[in-house]
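Spelled out, the chains give:
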Amino acid sequence: MIGHGLLRAAAGTTKNTVFLLRSNTTHGSQVFVDLSKNASAYSGLVGAIHSTDQKKFGASSIYFDGDDDYLEFPNHADFDFTSVDFTVDYWVYFPETSGQYACPISQTSGVGYMPWKIVRQDTQDKIQIGNAADTATLINDLFGTFTTGAWIHYAIVRDGANIYTYKNGTRVTNTNIGASTEILKTTNPLALGVRSAGTRDRYCNCYLDEIRISRGIARWTGASFTLPTTFYAID
């Protein structure tokens, strides 16, 4: 386990990008910078490092060992999606098949249901989204067969009444939840490499890169889209 690092937040991106975390640095670094307009400073860090062992676009990616590594950013009003359009997308590389129910990225409530999370279940990947009343799961869909040893791009998109999920640029599911239906809010942090809701569990052995949350925009709505080939632009 590697100790805590220091962080100074950085400049912003487009007005719709409310969180953007990337890796492009030296091995072992623990400087994690949110490049969005919110420039959030992390609130919790154990073990997670920038690693040059795997990389998608730049010199490195963010590594979590699946034992006790995690990285957390405090909840922000822009993460409370309610009924607005949004897009969550990121790249992940899983080096192994173990880790039942491990969560590479999530924001959970700790009781009942959850705003949203990505979880590994058996041989497949799953997205779960809870309703505002914390009484039901709006989305409980599988992305398809779990993939190891390769970079995967995941995207979750809300466009009005519909929530789309994508894996490697291909739409996997399309669920109509109603245009006015709100998603559960939480005060818990945005968690990477773990499920964090008061206590931490479901640690995930993975590499992550180019993790982006966009509010007020459905970035992809068709049956497929061309995968990004480089870092997202920062203005």
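The structure this text deals with has already been given above.
Presented here is a report on the structure given in the accompanying data block. (Residues numbered from 1 in each chain as written. Predicted model: local features only at pLDDT ≥ 70, side-chain atom pairs only at ≥ 80, totals over all residues. Heavy atoms only, no water.)

## Quick look at the nonpolar core
In terms of nonpolar packing, the biggest core is built from 37 residues, with Leu-21, Phe-32, Leu-71, Phe-73 and Leu-192 touching the most fellow members. Discounting chain neighbours no more than four positions away, the residues touching Leu-192 are Leu-21, Phe-64, Tyr-70, Leu-71, Phe-73, Pro-104, Ile-105, Leu-208 and Ile-211. (Core = buried A, V, L, I, M, F, W, Y, C linked by side-chain atoms within 4.5 Å. Buried < 20%, exposed > 50% of the residue type's maximum accessible area, 1.4 Å probe, protein only. Contact = heavy atoms within 4.5 Å.)

## Examining the environment of Phe-64
Looking at the secondary structure, you find Phe-64 in strand E4 (residues 61–65). On the basis of relative accessible area, Phe-64 is assigned to the buried category, the value being 0%. For the pair Phe-64 and Cys-206, spaced 142 residues apart in sequence, the C-alpha separation works out to 5.4 Å. When neighbours within four sequence positions are excluded, Phe-64 is seen to be in contact with Ala-48, Asp-69, Tyr-70, Leu-71, Leu-192, Gly-193, Cys-204, Asn-205, Cys-206 and Leu-208. (Helix = DSSP H or I, 4+ residues; strand = E, 2+ residues; numbered from the N terminus.)

## Overview of the side chain of Ser-60
Here Ser-60 lies in the loop between strand E3 (49–51) and E4. Given the relative accessible area of 0%, Ser-60 is considered buried. A distance of 2.6 Å separates polar atoms of two side chains, one belonging to Ser-60 and the other to Ser-23. One polar contact links the side chain of Ser-60 to the main-chain amide nitrogen of Asn-24, over a distance of 3.3 Å. Discounting chain neighbours no more than four positions away, the residues touching Ser-60 are Ser-23, Asn-24, Thr-25, His-50, Ser-51, Thr-52, Gln-54, Lys-55 and Asp-209. (Polar contact = N/O pair within 3.5 Å; in protein donor to acceptor, adjacent residues only side chain to side chain.)

## Some words on the pattern of salt bridges
One pass over the full model with this rule turns up two salt bridges. Notably, a salt bridge pairs Glu-210 with Arg-22, separated by 2.7 Å at the nearest N-O pair. On the criterion of sequence distance, the pair formed by Glu-210 in strand E17 (residues 205–215) and Arg-22 in the loop between strand E1 (17–21) and strand E2 (44–46) is long-range, its members being 188 residues apart. For Glu-210, a relative accessible area of 1% corresponds to the buried category. (Salt bridge = Lys/Arg side-chain N within 4 Å of Asp/Glu carboxyl O.)

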